[in-house]
Amino acid sequence: MKEIKKVTWRSPSNIALVKYWGKKSGVQIPSNPSISFTLENCYSETSVALVEKESKSKAIELRFYFDGKANLAFQLKILKFFESIRKDFPLLNNYGLLIHSTNSFPHSSGIASSASAMSALAMALCDLQEQLNKKKLTAVKFLQRASHFARLGSGSASRSVYPILAQWGKTKTIKGSADEYAIPYSEKVNKIFYSYQNTILIASSAEKKVSSRVGHSLMKTNPFAKARYTQAEKNLKELLSAMKTGDLEKFGNIIEEEALTLHGLMMNSSPSFILMSPATLAMIEKIRKFREDTKLPVYFTLDAGPNIHLLYPKKIAEKVKKFIDTELAQHCENKRMIFDQVGKGPKRVK
Ligand code: DP6
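A.B. asks: If you had to explain the pattern of salt bridges to someone new, which residues and values would you point to?
C.D. replies: Per the counting criterion, the structure on display carries 15 salt bridges. For the salt bridge of Asp 88 with Lys 87, the shortest nitrogen-to-oxygen distance reads 3.5 Å. Taking the relative accessible area as the measure of exposure, Asp 88 reaches 30% and is therefore partly exposed. Close ionic contact of Glu 256 with Arg 288 constitutes a salt bridge, the shortest N to O distance being 3.0 Å. Placement of the pair is Glu 256 in helix α7 (residues 248–267) and Arg 288 in helix α8 (residues 278–294), with a sequence separation of 32 residues. When its relative accessible area of 2% is taken as the criterion, Glu 256 is described as buried.

Right, here's the structure in full:
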């Protein structure tokens, strides 16, 4: 198969501080604004090669490999995604596509990979199409376009295309915010957040009990939905003001409230899901006790699973490491954890 063009992009995962949970009617439109730290060490690396089409038919020709092995389940998902965006990417009609993807973090670590995978794929597609068009977008427009298409793949992926801090979802609080794509948001915050640490404590690596898609849809009938969306707006506003002034206590209280609200919503959905495990709760209690004893700004957040994301400034990393080793490691599955930090966003590899 003759290769015509190929690009490889590395794109990170992200951890939401104010959570996206619930979609409005329409295509991937969030019910409330969200904001996240972009990570550094947890990423997907995806290469997309354009090859000559094998047949003259209009069908999209795609082969997808994960970790070097053909993966039909992912291939079908991506094919469906490509069908939905083919009018914006003539390359999907004109070439065959050979895609290879890997993750830096183990597949069965309970870490969501849709944000890194879909953002890497969107960056690669936008890059290839731009090269074929021979017309360069401005950097701002390019990222906005990549964020838009990443969002259509997975909502949280829209935030992974920017360094440090990204915001998605229209809100009066932020000028330029939009439901269709995320925007970068690091300039207006205290520099202490640029080097924030995120240690992922793996309480369980088991596959998620409920997919995000189903979780979001349960918000449609959740009795607390309206109050939640009001709370998210308020938390975003207060979080941004805490991040501007460097108020780590206020910042920490909000992110913990967001994590527990997300889990509370799942518990109150019908059907109901409990996504925390005994190990999650044991770690939360120890983190709060450690904070009380030491007055150090160490707070946690969670995504839609049992793993703890510990967030703290780099300057106390040594003390926190000791705490993790002596108190938290024993609650992690096989003592597994991933040390990550706020990161620089996607990059082209070759
Ligand atoms: C709990 O982005 O995975 O991580 O748009 O259906 O792909 P889809 O959902 P997804 O939901 C992420 C939910 C979350 C919170 C967040 O990242 O904001």
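A.B. asks: Lay out the packing of aromatic side chains in plain terms, naming residues and giving numbers.
C.D. replies: Taken as a whole, this structure holds twelve aromatic pairs when the rule is applied. Relative to Tyr 196, the ring of Phe 37 lies with its centre 5.8 Å away and its plane at 35°, an arrangement referred to as tilted. Taken together, the residues span a long stretch of sequence, with Phe 37 in strand β4 (residues 34–51) and Tyr 196 in the loop between β9 (182–184) and β10 (197–201) at a distance of 159 residues. As far as burial versus exposure is concerned, Phe 37 and Tyr 196 are alike and both buried. Among the aromatic residues, those joined into a ring-pair cluster are Phe 37, Phe 193, Tyr 196 and Phe 251. One residue, Arg 145, lies across the ring of Phe 89, its end atom 4.9 Å from the ring centre.

A.B. asks: Could you give an account of the pairing of strand β8 (residues 165–168), with specific residues and numbers?
C.D. replies: Covered by surrounding structure in β8 are Leu 165 and Gln 167 together with Ala 166 and Trp 168, the residues of both alternating faces. Across four bridges, the pairing between β4 and β8 is antiparallel. Counted as the bridge partner of Phe 37 is Leu 165 from β8. One ladder, built from three bridges, connects β8 with β9; its direction is antiparallel. Its bridge partner being in β9, Gln 167 is matched across the sheet by Ile 183.

A.B. asks: Hey, could you go over the site of the ligand for me, with residue numbers and the actual values?
C.D. replies: Around the ligand, 16 residues are found, and the nearest of them are Tyr 20, Ser 154, Gly 155, Ser 156 and Arg 159. Between Ser 212 and the ligand, the recorded distance is 3.0 Å, taken from a side-chain N or O atom to an oxygen atom. Within the complex, 90% of the 460 Å² of free accessible area of the ligand lies under protein. Among the elements that line the shell around the ligand, the one with the most residues is helix α5 (residues 212–218), at three residues. Broken down by class, the residue content of the shell around the ligand amounts to five nonpolar, seven polar and four charged. Three or more residues apiece are contributed to the shell around the ligand by two domains, here domain 1 (3–188) and domain 2 (191–341).

A.B. asks: Got a sec to walk through the pairing of β4? Specific residues and values, please.
C.D. replies: Taking burial as the measure, the 18 residues of β4 include 15 buried ones, the bulk of the element. Sheet topology places strand β1 (residues 3–18) next to β4; 13 bridges connect them, and they run antiparallel. Counted as the bridge partner of Pro 12 is Tyr 43 from β4.

A.B. asks: Let's hear about the nonpolar core: which residues, and what values?
C.D. replies: Ranked by internal contacts, the top residues of the largest apolar core, which has 38 residues, are Phe 82, Leu 91, Leu 92 and Leu 97. Among the elements that take part in this core, helix α3 (residues 114–133) stands out by supplying nine residues, more than any other. Not counting the four nearest positions on each side in its chain, Leu 91 is found in contact with Leu 50, Leu 97, Leu 125, Leu 128, Gln 129 and Leu 132. Ile 15, Ile 164, Phe 193 and Leu 240 belong to the second-largest nonpolar core, a separate cluster that totals 28 residues.

A.B. asks: Could you give me a rundown of the sheet that holds strand β11 (residues 299–302), with the residues and numbers involved?
C.D. replies: One open sheet accounts for four strands, arranged β11-β12-β10-β13; its pairing is antiparallel. Either end of the sheet is taken by a strand with one partner, and the two such strands are β11 and β13 (337–341). Strand-to-strand, the axes of this sheet are offset by a mean angle of 25°, without reference to chain direction. Sheet analysis places β10 next to β13, joined by five bridges and oriented antiparallel. Following the sheet pairing, Gln 197 is matched in β13 by Gln 341. Docked against the sheet, α7 engages β11 and β12 (308–312), running at close to 30° with respect to β11. Sitting on the sheet, helix α9 (residues 317–328) touches β10, β12 and β13, and the angle it makes with β12 is about 155°.

A.B. asks: For α3, give the residues involved together with the corresponding values.
C.D. replies: Helix length check: α3 (20 residues) gives 28 Å between terminal C-alpha atoms against 28 Å at 1.5 Å per residue, within 8%. In terms of residue burial, α3 counts as a mostly covered element, since 15 of its 20 residues are buried. In the stretch just after α3, Lys 134 is the one whose phi turns positive, near 60°.

A.B. asks: Kindly report on the side chain of Ser 13, identifying the contributing residues and their values.
C.D. replies: Looking at the element boundaries, Ser 13 is found in strand β1. In this structure Ser 13 comes out as buried when scored by relative accessible area, which is 5%. Setting aside residues no more than four positions away along its own chain, Ser 13 makes contact with Thr 38, Leu 39, Cys 42, Tyr 43, Ala 112, Ser 116 and Ser 160.

Thresholds, definitions, all that
Residues numbered from 1 in each chain as written. Predicted model: local features only at pLDDT ≥ 70, side-chain atom pairs only at ≥ 80, totals over all residues. Heavy atoms only, no water. Salt bridge = Lys/Arg side-chain N within 4 Å of Asp/Glu carboxyl O. Buried < 20%, exposed > 50% of the residue type's maximum accessible area, 1.4 Å probe, protein only. Helix = DSSP H or I, 4+ residues; strand = E, 2+ residues; numbered from the N terminus. Phe/Tyr/Trp six-rings, centres within 6.5 Å; stacked < 30°, edge-to-face > 60°. Lys NZ or Arg CZ within 6 Å of the ring centre and 35° of its normal. Pairing = 2+ DSSP bridges. Near = heavy atom within 4 Å. Polar contact = N/O pair within 3.5 Å; in protein donor to acceptor, adjacent residues only side chain to side chain. Areas by Shrake-Rupley, 256 points an atom, 1.4 Å probe, with all protein chains shown as cover. Nonpolar A, V, L, I, M, F, W, Y, C, P; charged D, E, K, R; others polar. Domains from an automatic or database assignment. Core = buried A, V, L, I, M, F, W, Y, C linked by side-chain atoms within 4.5 Å. Contact = heavy atoms within 4.5 Å. Axes fitted to C-alpha atoms, helices over the stretch in contact; angles between N-to-C directions. Expected span 1.5 Å × (residues − 1).

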